[in-house]
Amino acid sequence: MSSSSFRNGSGGVSRAGAMKIENYNPKYSPSSSSSSSFKSKVQQHSTASSGFRRSSSGSLGSSRDDSAVVSGRVRVAVRLRPRNAEEMVEDADFADCVELQPELKRLKLRKNNWDSDTFEFDDVLTEFASQKRVYEVVAKPVVESVLDGYNGTVMAYGQTGTGKTYTLGRLGQEDTADRGIMLRAMEDILVEASPENDLVSVSYLQLYMETIQDLLNPSNGNISIVEDPKNGDVSVPGATLVEIRDPKSFVELLQLGEAHRYAANTKLNTESSRSHAILMVHVKRSVKGRNSSLSSENGSITLTGKTLKPPIVRKSKLVIVDLAGSERIDKSGSEGHTLEEAKSINLSLSALGKCINALAENSAHVPVRDSKLTRLLRDSFGGTARTSLLITVGPSPRHRGETSSTIMFGQRAMKVENMLKIKEEFDYKSLSRKLDIQLDKLIAEHERRQKVFQDEIGRIASEAQKRVAEVEQNYADALELEKLKYEKDYMESVKKLEEQWAIKQEKHGQQKVKVGPSENGIDQRSNAESPMLSASGEVAEIKKKFQNETLSRKAAEAENDRLKSELTHWKKAEAAGNAELVKLRKMLEDQACQKAKLEDELSLLQRQLLQISSDADETSKNLDRGLNGRVPSSLDSLVPQIKNEQLRDTGDGERASMAKLFEQVGLHKILSLLEAEDADVRIHAVKVVANLAAEESNQERIVEAGGLTSLLTILKSSNDETVHRVAAGAIANLAMNELNQELIMSRGGISLLSLTATRAEDPQTLRMIAGAIANLCGNDKLQAELRAEGGIKALLGMVRCRHPDVLAQVARGIANFAKCESRASSQGTKNRKSILIEDGALPWIVLNANNEASPIRRHVELALCHLAQHEVNAKEMIGGGALWELVRISRDCSREDIRTLAHKTLKSSPSFVAELNRLRIDHG
């Protein structure tokens, strides 16, 4: 969502427009007088507490028993938007409905050429007022209050397309003089805040369809509102809170938030905001040397004989609210999901208006809980915040009703009184940090002394261990010497014993020689050797058996591992087979359910076909009798009426005749004639149904009576070109309703329209068919079915007819389809390449991006911008030449809103930026 221009579909302020004028009359500046008077009121807060209006039950904000409150009425300023290009053409012969008298702070709203109503406001800003002038009048006093410790609110209210987002959220990247209130307020806050002692943090939210969503983190949706039961403060603790140190980081956050904000294309505004944007700036400032309401309270803490006083901090909050524009459905042309968004916006604005009315009238009950918007703003109206309201109006006499409603909203808001209160508290966290630092120092000193003590103990222990080691070494040496001595004595004793034994052996041997050999001696030696041989054989046999047993065991282990592996494999195969079997069973069950469903649908269609056939036969018989002079009295005048009913030039006469015929004849009888045998009767009946379908009040009754089914049937069965044209026109009228769109799709309407388009040659017939398909293209839920049933190919196939009206409807359908795809991409529900590109629509879009016909060119330019917002389409668009058309649109498009959208799209796409940099093309 671009912040560099008015997001007004009818055209915004030009680059050389009055909004860029930076000079203003100093006598209207409130910077000195209003600020000084406000500060004097703050200093006298103790005497003003008696003016507190009433309890929280009767106000948007909750009152608190505190003497530090001052009275502050809601200040309201009005800003007039200059005429845009469309109004200059269409309202050239009409005077503005608004006349400003800034020197008297008055506004005149013209009733007619000779009468007008006069209203007074706190400030009146003409179309020549600069952004700086608007900030200093509306927001600067509130920002100064926030810096002094008060809560503040700046809010913009008005019809869609009157410049609310331009005033509040413009970033001024092209011209710094165009910076909006959000950026200027943050710059002033950062200048006054101290980086060392103060804290500035930001949350950016949107209220969309009664759901609070985080613009800084889109995944953080449906945030809850929390109310403090003690003091009634309202907060959103689930929102992302980002600390701000410099304006550059704040600009990046605003760009991120605007990219996630919901917007839609309506007749009043090409990029119409579909949600309320809420910027919350939390400011926490330390009070040093200032007068404080807490200075006399006892908040000191005694520690080790010293008295520590906790510092005092002031917590304040600045809330900047960019309300979505109020709109009338018949003027904005909202349909489908955009219509539901408009209903939600109008309901929340209506709830806010009821609360302000109750506060202005001092009602005993204020319906705060009717809407999340009023719950968020309960402190801004009737609460403790200083509030400035900017109402924006346009000069066009066509929107006088909306302008009058906006002015009355501002008049009622001026009657609301707020009771301003400074929120001061002791900064026990800061004191706790100081105490933690002192505690850390004491702990470090204790640890140092403990370390010294441990080192001394270690030294003493080391010396003792050294002395013990020396004694042990001496003892070991003495023990070793004693051991060696005993070993020597032992060896000598053994040697003596061996010598004695040798002498004895020698004597014993000599005795054996003397005796001599004998057989008994030989037998004794052989008997001694035989046991030794037997033992050796047994050992060898045991070793052999052990080796065999070892080999067998290894073979068994290998076989066991193989069997385990096979078992694991079979188990996996069995599990896979079971999973496949379960999957097949589920598929069979799904197919059985689908078959039963199809059989039920087939039987239903057969019954409907039989009923239609019987009704057609009965109607034919009645018409035959009527043509022979025997028409029943109920249908006696119907056929002549149908045949004599002609399309007239004036819309009022046609609607009157249709309404009269509708009342006299009845819808069911008219629908029964759609199947008459007489071709003229059938054609006129289709025309009557088509004219009735043009009125939204008749569409539901026509569908309930079976009119949609009859139109689809006659479109399928008839070969008459006129019937095809009028029936397609009737279906196109019915397709403006979202519920009817789904019925048309479910009953095969898109297939019938596609088939009829391939056979038709008449440009008007093709225009009606293209219009019906274009209406269906605007439904987010039907995109896949549209493609599957040939709707997109049929739409692209109708470009064979070069008639401008047909091409305009084709371009509108492509733009609607691309817008739905862009919305789905931004919401994360679609990540694939565009269906339009896949079906070959890109060459035709690029070829007609600069078409001479304005309706064709406008829709094609919008389609290109929406396609380019999805990064996955970038490669195809660069190869197909769409990038050059986007560059041309961003520079040369006659409509500033489309030019701004193209410029934003080029800057946000990394692929486009890289390609332009590669080609050295300036895209800034």
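Owing to the predicted nature of the structure, the values given are computational and were not obtained by experimental measurement.

1. So, the sheet that holds strand β5 (residues 116–120)
Whenever strands of a sheet pair, they do so through backbone hydrogen bonds, lying parallel or antiparallel.
Now for step 1: Judged by pairing direction, the sheet is antiparallel, and its 3 strands sit side by side in the order β3-β4-β5 without closing on themselves. Among the strands making up the open sheet, the edge pair consists of β3 (98–101) and β5. Each strand of the sheet is rotated relative to its neighbour by a mean of 20°, with strand direction disregarded.
Now for step 2: Alignment of β3 against strand β4 (residues 106–110), held across 4 bridges, turns out to be antiparallel. Bridge pairing in β4 places L100 opposite L107.
Now for step 3: Sheet strands in contact with helix α11 (residues 400–413) are β3, β4 and β5, and its direction is about 150° off that of β4.

2. Quick look at unusual backbone geometry
Now for step 1: The residue M209 is not glycine, and still its phi comes out positive at about 55°.
Now for step 2: Among the secondary structure elements, M209 is positioned in the loop between β8 (199–208) and β9 (211–214).
Now for step 3: On the basis of relative accessible area, M209 is assigned to the partly exposed category, the value being 31%.
Now for step 4: Here the phi dihedral of E210 falls at roughly 60°; this positive angle occurs in a residue that is not glycine.
Now for step 5: Mapped onto the fold, E210 is located in the loop between β8 and β9.
Now for step 6: Accessibility expressed as a relative area gives 30% for E210, which makes it partly exposed.

3. Focus: the nonpolar core
Now for step 1: Within the largest apolar cluster, 94 residues are counted, with the highest numbers of intra-cluster contacts made by I773, M798, I814 and M877.
Now for step 2: In this structure, M798 is in contact with A757, L766, I769, A770, I773, V806 and V810, ignoring residues within four places of it in sequence.
Now for step 3: Formed by 49 residues, the second largest nonpolar core is a distinct cluster that contains V78, L376, L377 and F381.

4. Brief notes about the packing of aromatic side chains
Now for step 1: In total, this model carries 1 aromatic pair according to the counting rule given.
Now for step 2: Ring geometry for Y157 versus F409: centroids 3.8 Å apart, planes at 10°, classification stacked. Residue Y157 is found in strand β7 (residues 152–158), and its partner F409 is found in helix α11; the two are separated by 252 residues along the sequence.
Now for step 3: By relative accessible area, Y157 is classed as buried at 7%.
Now for step 4: When its relative accessible area of 2% is taken as the criterion, F409 is described as buried.

Parameters at a glance
- Residues numbered from 1 in each chain as written.
- Predicted model: local features only at pLDDT ≥ 70, side-chain atom pairs only at ≥ 80, totals over all residues.
- Heavy atoms only, no water.
- Pairing = 2+ DSSP bridges.
- Helix = DSSP H or I, 4+ residues; strand = E, 2+ residues; numbered from the N terminus.
- Axes fitted to C-alpha atoms, helices over the stretch in contact; angles between N-to-C directions.
- Contact = heavy atoms within 4.5 Å.
- Buried < 20%, exposed > 50% of the residue type's maximum accessible area, 1.4 Å probe, protein only.
- Core = buried A, V, L, I, M, F, W, Y, C linked by side-chain atoms within 4.5 Å.
- Phe/Tyr/Trp six-rings, centres within 6.5 Å; stacked < 30°, edge-to-face > 60°.

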